[in-house]
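Results of the structural survey
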Amino acid sequence: MGSRLAVKFWGTRGIIPSPRKETVVHGGNTSCIEIISNNAHIAVDAGFGISHFGETFPEAQPVDIHIIFTHLHWDHIQGLPFFNPVYFPQTNLYLHSPLPKNILKQELNILFNESYSPFNGIENMPANISFHKINHGDQIGGVEISYVELQHSLSSEDCNPCYGYRFTEPTSSKSVSIITDHEASDNQANKKVLDFILDSDLIVHDAQYTHEEYQEKKGWGHSSMDAAIKNISLANGVQGLLTHHDPSRNDIDLDILHTNLKKKYSGASFEFAKERLIYEVNLKAKKTG
Amino acid sequence: MPLKLCLNGVRGSRPTDRPDQMTFGCNSTNIEFKTDEDFYLILDGGTGLIPRGKSISENQKHSNFNFIITHTHWDHILALPYFKPLQDPNNTVTFYSSKPTKAKFEELFHRLLKEKNLPIPASVIKANINFKTVEPGSSFNIGNSVSVDTYQLNHQDITLGYRVNHNNHSACVITDNAPIDNGNYMGEGMKTAAKNNPSFEKDFTQGLINFLSKADTVVYDTHFTNDTLKADWGHSTPEIALDICHKAGVKRLLLFHHAPEDDDNDVQAKVDSIKDRAQKLGVEVEAATEGKEWVHG
């Protein structure tokens, strides 16, 4: 089977789930992004969107599933107890992060804590769950992974960084980068991110705020749409996908913003990510420009 | 003045999002009791709390907020940190919850706010926050004319059923709650109580019936149907709810805690499955619906 590299959004919403009639097109589920290749099931983050990803797996069938975590904010982990494969012993569930394995396990355990759930810890769930520390150049199902630290206000002592990822299909060298959650500004951290995502074919980027909103939200850990588009352009990104939609943002708001931003940044290629849509990387196309 | 019951979130287990669920609602448990007193009274912190918090902060009438918490499972508390009125230092928010089994509610609440997990800065939470412990089965007053009764339900830890009384009208919330028969003892202390009392199941059920006696409206966990019932998951069925409400002389039963997989047709089917019998028994039955309000008095 030929290679394939694509992303599918199961959750595009930041902060809190926002299900309502006015958000059905872009979606109200919190963060979950599937990395589609032909050889592995991989999701980045486990916001509530992961429950629909879970519905694609037949129950009680042997399967290997990989979840890679950017960070531990609730909107990126809260869906894990509602991920159906967790309830079947036939599931091999691999949980990945650049953090030490014991820290990842310790931090995700709260989701299955006996005060917040009917369960007694993540290790007592039926699935065969293991924790893995990502190292640069690791491969999952033939897809190569590297990571970079993002700018996401996590300053107190017991906080761990937020990580961005680049997934590369080795034969074509085409890649997808996931940059969320990240506050893009003119600083060292962002320069490192730009180096990391340079020439990436598909760049998924945090774009929670409008330019005006961002003025009030500096330091909150998210990018303005303008900063996200600038990052994508500077990285020569073939296609940008803007995600982590603010909970207040309705479909119609995103459509209007898209029209206005396209006028402003006419050279750049970007869309607001929509739930359930698949965005393919053309592995055969040569890079232009 | 009337007692109004408002449903801001009716979905059980987790918030959902499908358009074919939006007639009855996708947001998880959040129920509000409106009176002419100068405070807000809200049950639980499911995701229905978030749009409600936004609308309150845009048109705020009182600075006192009282929360009555049934239990601390994720679907009932996950939205609490994002309740907009928590960001106003002029507001006072009081949480009533059961005495702790494993951890105090105050600790569980503050755990939600830790910087490593909270996607907004915790420093925006500026309201005065108080925590009050409720002994299961006890009653307390709020303000001049609201009294609240409690009853321990058949669900993990100490899950509290609430009865809110105001001007001779009462609205009750029974969630989450499983059938107690056949030794299905889920609540803290129930197994021990049953060992010491051979009539435990009968006493529990009669106690619940007494608790709901002649209430105007009862919101009852009917997550399952007879066919799908898994009693040890902690939820009930429309038939069980109707039986209890009929024996208690309840006027209206609202079927609640709609399963995440139920679409609007499934929810309507639950209503239809007991409608005829309910009519014969003199109990009105409706599906709990997000955004709907029931007025008593």
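Residues numbered from 1 in each chain as written. Chains lettered and ligands numbered in written order. Predicted model: local features only at pLDDT ≥ 70, side-chain atom pairs only at ≥ 80, totals over all residues. Heavy atoms only, no water.

Notes on the sheet that holds strand β3 (residues 40-43) of chain B
Residues and elements named next belong to chain B.
- Strand order in the open sheet formed by seven strands is β6-β5-β4-β3-β2-β1-β14, with mixed pairing between adjacent strands. Of all the strands in the sheet, the pair left with one neighbour each is β6 (128-134) and β14 (293-296). Sheet twist, expressed as the mean angle between neighbouring strand axes with direction ignored, is 20 degrees.
- In the sheet, strand β1 (residues 3-9) pairs with strand β2 (residues 30-34) via five bridges, with the strands oriented antiparallel. The residue bridging L5 from the neighbouring strand is F33, located in β2.
- Docked against the sheet, helix α1 (residues 49-58) engages β1, β2, β3 and β4 (64-68), running at close to 170 degrees with respect to β3.
- Here helix α3 (residues 105-112) sits on the sheet and contacts β5 (92-98) and β6; the angle it forms with β6, its principal contact strand, is near 140 degrees. (Pairing = 2+ DSSP bridges. Helix = DSSP H or I, 4+ residues; strand = E, 2+ residues; numbered from the N terminus. Axes fitted to C-alpha atoms, helices over the stretch in contact; angles between N-to-C directions. Contact = heavy atoms within 4.5 Å.)

Quick look at the environment of S248 of chain A
Residues and elements named next belong to chain A.
- Mapping S248 onto the fold places it in the loop between β12 (239-243) and α7 (251-264).
- Along the chain, S248 and R13 lie 235 residues apart, while their C-alpha atoms are 9.9 Å from each other.
- When neighbours within four sequence positions are excluded, S248 is seen to be in contact with R20 and D253.
- At 2.7 Å, the side chain of S248 and the side chain of D246 are in polar contact. (Polar contact = N/O pair within 3.5 Å; in protein donor to acceptor, adjacent residues only side chain to side chain.)

What about the packing of aromatic side chains?
- Within the structure shown, the criterion is met by 28 aromatic pairs over all chains.
- Each member of the aromatic cluster is reached from another via a ring pair, and the members are Y40, F65, F67, F83, F95, F105, F109 and F131 of chain B.
- It is K217 of chain A that lies over the ring of W220 of chain A; its NZ or CZ is 4.8 Å from the centre.
- In this structure, K230 of chain B is placed above the aromatic ring of W233 of chain B, and the distance from its NZ or CZ to the ring centre is 4.7 Å. (Phe/Tyr/Trp six-rings, centres within 6.5 Å; stacked < 30°, edge-to-face > 60°. Lys NZ or Arg CZ within 6 Å of the ring centre and 35° of its normal.)

Description of empty space enclosed by the protein
Residue and element names in this part refer to chain B.
- Overall, the coordinates contain five cavities of 30 Å³ or more when judged by the stated rule.
- Approximately 200 Å³ is the volume attributed to the largest cavity.
- Around the largest cavity sit 20 residues that line it, and H71, T72, S98, D157 and I158 are the ones nearest its centre.
- Counting residues per element, the ones that place at least two in the lining of the largest cavity are β5 and α3.
- Taken as a whole, the second largest cavity holds about 100 Å³ of empty space. (1 Å grid on protein atoms, 1.4 Å probe; cavity = no way out; pocket = protein on both sides within 12 Å on 5 of 7 lines; lining within 4 Å. Points joined across faces, edges and corners; volume = space filled by probe spheres on them.)

Here's the deal with unusual backbone geometry
- A cis amide bond links T180 of chain A with the next residue in sequence, D181 of chain A, at an omega value of 5 degrees.
- Considering the arrangement of structural elements, one finds D181 of chain A in the loop between β10 (174-179) and α4 (188-197).
- With an omega of -5 degrees, the peptide bond between T175 of chain B and D176 of chain B qualifies as cis.
- Relative to the assigned elements, D176 of chain B resides in the loop between β10 (169-174) and α4 (190-196).
- Positive phi is not limited to glycine here, since S13 of chain B has a value of about 75 degrees.

Some details on helix α7 (residues 264-281) of chain B
Residues and elements named next belong to chain B.
- For α7, with 18 residues, the first-to-last C-alpha span of 25 Å sits near the 26 Å given by 1.5 Å per residue.
- Its axis deflected by about 45 degrees at K275, α7 carries its strongest bend there.
- Along α7, the positions that sit buried rather than exposed are D264, V267, K270, V271, I274 and A278.
- If you follow the buried residues of α7, they end up packed against α6 (238-248), β12 (252-256) and β13 (284-287).
- Between the side-chain oxygen of the N-cap and the backbone nitrogen of N265 there are 3.0 Å, and the N-cap of α7 in question is D263.
- With its phi angle positive at about 80 degrees, G282 sits one or two positions after the end of α7. (Expected span 1.5 Å × (residues − 1). Bend = angle between axes of the 7 residues up to and from the residue. Buried < 20%, exposed > 50% of the residue type's maximum accessible area, 1.4 Å probe, protein only.)

In short, geometric facts, not functional conclusions.
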